[in-house]
Amino acid sequence: MQEAPCECPECKRRAEAEKEHEEMNFAILLALVPALVITFFGNAGLF
Ligand SMILES: [Zn+2]
């Protein structure tokens, strides 16, 4: 289910930028999770 996107270059560019932004956020999240897990277990004294 997808709304028909506006096809003008401006909207296309914005949609592209938003997608890259989301991918960047996701990559940062993926990079942070292991660090958080290691910190958590480190604090819990399991490592
Ligand atoms: Zn447009």
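For the structure given in this document, a descriptive report is provided here. Owing to the predicted nature of the structure, the values given are computational and were not obtained by experimental measurement.

Rules used in this analysis
Residues numbered from 1 in each chain as written. Predicted model: local features only at pLDDT ≥ 70, side-chain atom pairs only at ≥ 80, totals over all residues. Helix = DSSP H or I, 4+ residues; strand = E, 2+ residues; numbered from the N terminus. Buried ≥ 20, exposed ≤ 12 C-beta atoms within 10 Å, placed from the backbone. Expected span 1.5 Å × (residues − 1).

A separate point is the overall build of the protein chain. Scanning the protein chain for helices and strands turns up one helix and zero strands. Looking at the protein chain residue by residue over its 47 residues, the buried ones come to 0%.

Attention shifts here to helix α1 (residues 9–43). In this model, α1 (35 residues) spans 50 Å end to end at C-alpha, consistent with the 51 Å of a helix rising 1.5 Å per residue. Of all 35 residues making up α1, only zero are buried, and the element is barely covered by its neighbours. Looking one or two residues past α1, G45 carries a phi angle of roughly 80 degrees, positive in sign.

Attention now moves to the environment of E20. Here E20 lies in helix α1. In this structure the C-alpha to C-alpha distance between E20 and P34, which are 14 residues apart in sequence, comes to 22 Å.

Quick look at the environment of A15 now. With respect to the element layout, A15 can be found in helix α1. Sequence-wise, A15 and P5 are ten residues apart; in three dimensions their C-alpha atoms are separated by 9.1 Å.

The next point concerns the environment of E7. Relative to the helices and strands, E7 is located in the segment before α1. A tally of 7 C-beta atoms within 10 Å means that E7 is categorised as exposed. Sequence separation between E7 and V33 is 26 residues; the distance between their C-alpha atoms is 37 Å.

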